[in-house]
Amino acid sequence: MNSPTRYVAMLFLLMLLGSLLGSNVASAHIGIQPLSKIAIQKTTLALTDSAAIKASPIALGLKGEDSEWVTVRFKNSAPSRDDWIGVFSPANFNGSICSSENPKEATPYLCTSPIKYQFANFSSSSYIKTGEASIKFQLINQRADFSFALFSGGLSNPSLLAVSNHITFANPKAPVYPRLAQGKSWNEMTVTWTSGYNIDEAIPFVEWGLKGQNQRRSPAGTLTFQQNSMCGSPARTVGWRDPGFIHTSFLKDLWPNTLYSYKMGHLLPNGSYVWSKVYSFRSSPYPGQNSLQRVIIFGDMGKGERDGSNEYNNYQPGSLNTTDQLIKDLNNIDIVFHIGDITYANGYISQWDQFTSQIEPIGSRVPYMIASGNHERDWPGTGSFYNGMDSGGECGVLAQNMFFVPAENREKFWYSTDFGMFHFCIADSEHDWREGSEQYRFIEKCLASVDRQKQPWLIFAAHRVLGYSSDKYYGIEGSFEEPMGRESLQKLWQKYKVDIAFYGHVHNYERTCPVYQNQCVKSGRSHYSGVVNGTIHVVVGGGGAHLSEFTTVNTSWSLYKDYDWGFIKLTSSNHSSLLFEYKKSRDGKVYDSFTISRDYTDVLACVHDGCEATTLAY
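Calculation rules
- Per chain, the residues get numbers from 1 upward, laid out in the order the sequence is written.
- Residues qualify for local features only when their pLDDT is at least 70, as the model is predicted, and side-chain atom pairs are given and counted only at 80 or more; totals for whole chains, interfaces and linings, by contrast, use all residues.
- Hydrogen atoms and water are omitted, and side-chain values are computed over all heavy atoms in the structure.
- Runs of H or I in DSSP of at least four residues are treated as helices and runs of E of at least two as strands, each being numbered from the N terminus.
- Residues count as neighbours in contact if any of their non-hydrogen atoms are within 4.5 Å of one another.
- Distance and chemistry together define a polar contact, namely a pair of N or O atoms within 3.5 Å, with one atom able to donate a hydrogen and the other to accept it when in protein, and with adjacent residues in sequence counting only for side-chain atoms on both sides.
- When a carboxyl oxygen of Asp or Glu is within 4 Å of a side-chain nitrogen of Lys or Arg, the pair counts as a salt bridge.
- Relative accessible area decides the class of each residue, using a 1.4 Å probe on protein chains only: under 20% of the type maximum gives buried, over 50% gives exposed, and in between gives partly exposed.
- Buried residues of nine kinds, namely Ala, Val, Leu, Ile, Met, Phe, Trp, Tyr and Cys, make up a nonpolar core once their side-chain atoms join them within 4.5 Å.
- Note on pairing: two strands pair once DSSP finds at least 2 bridges between them.
- Ring geometry is summarised as follows: Phe, Tyr and Trp rings, the Trp one being its six-membered ring, pair when their centres sit within 6.5 Å, and such pairs are stacked at plane angles under 30 degrees, edge-to-face over 60 and tilted between the two.
- A positively charged side chain is recorded as over a ring if its NZ (Lys) or CZ (Arg) lies within 6 Å of the ring centre. The angle to the ring normal must also be within 35 degrees.
- What counts as an axis is a line fitted to C-alpha atoms, over the stretch in contact for a helix, and the angles between N-to-C directions run from 0 to 180 degrees.

## Notes on the environment of Y197
Relative to the helices and strands, Y197 resides in the loop between β12 (189-195) and β13 (203-210). Spatially, the C-alpha atoms of Y197 and H247 are 9.6 Å apart, while their sequence positions differ by 50 residues. If near-sequence neighbours (up to four positions away) are discounted, Y197 is found in contact with N171, K173, A174, A202, F245, H247, H266, L268 and V274. A polar contact of 3.4 Å, which involves the side chain of Y197, links it to the side chain of N171.

## With respect to the side chain of S558
Residue position: S558 is located in strand β30 (residues 558-562). There is a polar contact of 2.6 Å between the side chain of S558 and the side chain of E510. Within polar-contact distance, the side chain of S558 engages the side chain of K561 at 3.2 Å. Not counting residues within four places of it along the chain, the set of residues in contact with S558 comprises S470, E510, R511 and T512.

## Comments concerning the pattern of salt bridges
By the definition in use, this model includes 31 salt bridges. The partner of K584 in a salt bridge is D562, with the nearest N and O atoms 2.6 Å apart. Within this pair, whereas K584 is found in strand β32 (residues 577-584), its partner D562 is found in strand β30, the two being separated by 22 residues in sequence. Three or more residues joined by partner-sharing salt bridges are found here, namely K116, K303, E305 and D307.

## Points about the side chain of S488
The topology assignment puts S488 in helix α10 (residues 486-495). A residue is classified by how much of its surface remains accessible, and S488, at 11% relative accessible area, is buried. For S488, the side chain forms a polar contact with the main-chain nitrogen of E435, separated by 3.2 Å. Not counting residues up to four positions away in its chain, the partners in contact with S488 are R434, E435 and Y440.

## Brief notes about the nonpolar core
One finds F337, Y368, F502, I568, L570 and F580 to be the most contacted residues of the largest nonpolar core, which totals 71 residues. Dropping the residues within four chain positions of it, I568 is found in contact with V295, I296, I297, F502, Y509, V538, V540, F580, E581 and Y582. F442, L447, A462 and Y474 belong to the second largest nonpolar core, which has 26 residues in total.

## Focus: the pairing of strand β31 (residues 566-572)
Within β31, seven of the seven residues are buried, which leaves the element mostly enclosed by the surrounding structure. Every second residue of β31 is oriented toward a common face, with G566, I568, L570 and S572 on one face and F567, K569 and T571 on the other, all of them buried. With six bridges joining them, β31 and β32 adopt antiparallel strand pairing. The partner of F567 across the bridge, within β32, is K583. Counted between consecutive antiparallel strands, the loop separating β31 from β32 contains four residues.

## A few points about the packing of aromatic side chains
Using the criterion set out here, one finds 34 aromatic pairs in the structure. Between F422 and F424, the ring centres sit 5.8 Å apart and the planes meet at 15 degrees, which makes this aromatic pair stacked. The exposure classification of F422 matches that of F424, with both residues buried. Plain terms: the ring middles of F502 and F580 are 6.4 Å apart, the flat faces sit at 10 degrees to each other, and that makes the pair stacked. Placement of the pair is F502 in strand β25 (residues 500-503) and F580 in strand β32, with a sequence separation of 78 residues. Classification of F502 by relative accessible area gives buried; the value is 0%. Taken together, the aromatic side chains of W84, F88, F93, Y117, F119 and F151 make up a single cluster linked through ring pairs. In this structure, R216 packs its charged tip against the face of W208, placed 4.2 Å from the ring centre. The side chain of K263 reaches across the aromatic face of W275, ending 4.0 Å from its centre.

## Topic: the sheet that holds strand β5 (residues 84-88)
The mixed open sheet is built from five strands, whose spatial order is β1-β9-β8-β5-β6. One side of each edge strand has no neighbouring strand; the edge strands of this open sheet are β1 (44-45) and β6 (116-119). For strand β8 (residues 147-152) and strand β9 (residues 159-163), the ladder comprises four bridges, and the chain directions are antiparallel. Bridge pairing in β9 links F151 to L160.

## Some points on the sheet that holds strand β2 (residues 51-56)
Sheet architecture is open: three strands sit in the order β2-β4-β7, paired in antiparallel fashion. Across the chains shown, the open sheet's two edge strands, defined by having one partner strand only, are β2 and β7 (132-140). Strand-to-strand twist in this sheet, taken as the mean axis angle between neighbours without regard to direction, amounts to 20 degrees. Two strands pair when backbone bridges link them, and strand β4 (residues 67-76) and β7 are joined in this way by nine bridges, in the antiparallel orientation. In the strand pairing of β7, E68 is matched with L139.

## Observations regarding unusual backbone geometry
A cis amide bond, omega 0 degrees, links S89 with the succeeding residue P90. Positionally, P90 belongs in the loop between β5 and β6. Cis geometry marks the peptide bond from S233 to P234; its omega dihedral reads 10 degrees. Among the structural elements, P234 can be located in the loop between β14 (216-223) and β15 (245-251).

Right, dumping it as structure tokens:
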């Protein structure tokens, strides 16, 4: 092989290696989706009178609760450490509900995964000796009844020993788990929720208004999707569960910074109503308005299980801590950005309901804005930029339907949104962002459209690290970024003087200096003032999933690293100062911070590769 040919071949191999490493940075750390460990299709039937299982109470949510604790008592004459309890919903999980796509490997041809599980000896080590124990599960209203099954043989070779009685919520179809989001204009709030009512069963709407005054009603649109909308397994096979109906209502012409109350309703054919609980939110400030504005940003949170089931303590260990810290400080939060890797459902559809239940105290009070990540979108042959299988066959369908974002096309998950003095450009790293692409044109338009006199704080965010990261795997690849990440975008950040760029995907915290072309362009660690001559890049992927290791290479642009779970809080009350705080999820305390102070003229100033054209003419 001649020298030029050898060079081209080596370059191709390096690019291929970089692409593979970049695609696997986060997946190297998150472990395995717990439900995927269950080989449910291999279940054998071994029902016996010497094993039994019973759940109580039978009726849940009698006072309108969306969540209840259930006690499951069981016995087995031949107990084993591998015995486990599966929670199934709908309660009927036999082979009669299987679609033709589900593999049939053994009688009784079970083809639907449980929505959660726990090992039989979880709460009592004496189970192995006595063969009797009980476990408490926390259930949420998921539009169907529940049953519990006792299995032996572990997760890989399950043998069905006993099935419990059925239990159900008083109204399994009730409207639940509202999640607010910014609309396409500053004075519009959207309310999205889930119910069991299709439009031919009940008319969905939101009743809302100024707190304590006359209320008005706004209609809601209704969406759902079918099993054949999924792109692959497990979402299309054992992970499939009917998602119910997702409703979105648009509350328009809001007064700025005003407290509103709302509740979701469904008008039944007989003229009666089904109502949700009453919630409240504060509307967004007018773009450019001087007022106290507080923004939360993080990625890769996933979901936890307060009952300890599904081994989630080993899968997304920081998720509940992050959630609980945000709930604790909710009176001091105005908007949340969860920048990708939302639930880590990975094709197990039931987990999306459980995630929306987990964040309900947050998402029902403040806008919960999301970005698309690899675990929402990526699947081979479906138009995603990466051909990985991280979505488990969801290929973006769940994220696009379960949450509203003000995108022109939610299949292309990029969008802009305003919040007072902040202007946000949210990119979709699972679609091509390189120069010449449709998304690149959007990013430039978004950055160029902001009036920095009114909105001084310009924020860019994406799931994958399109900027800078000292992640171990990026270090092995050598570029310290997602392959091809910043090559096209850094000139836009510089030209339009982006203040801070945020990323998830890498499960740790890291902050750079104001940087351009791998060089720190401003000194200092805790305070920056004057001309905007570089962008600060922040990795904040420690929302909850397994942590990512740092490289041992000393990256000159990195100012602060933390191998822990946490989130960012931005605070501004005027056009001249911004407070940045990194808080750990374990205690909510600040572990890294800096301030920015400047005048409008500092934004207008000419900097390297960021100058407006001029003329000598008067």
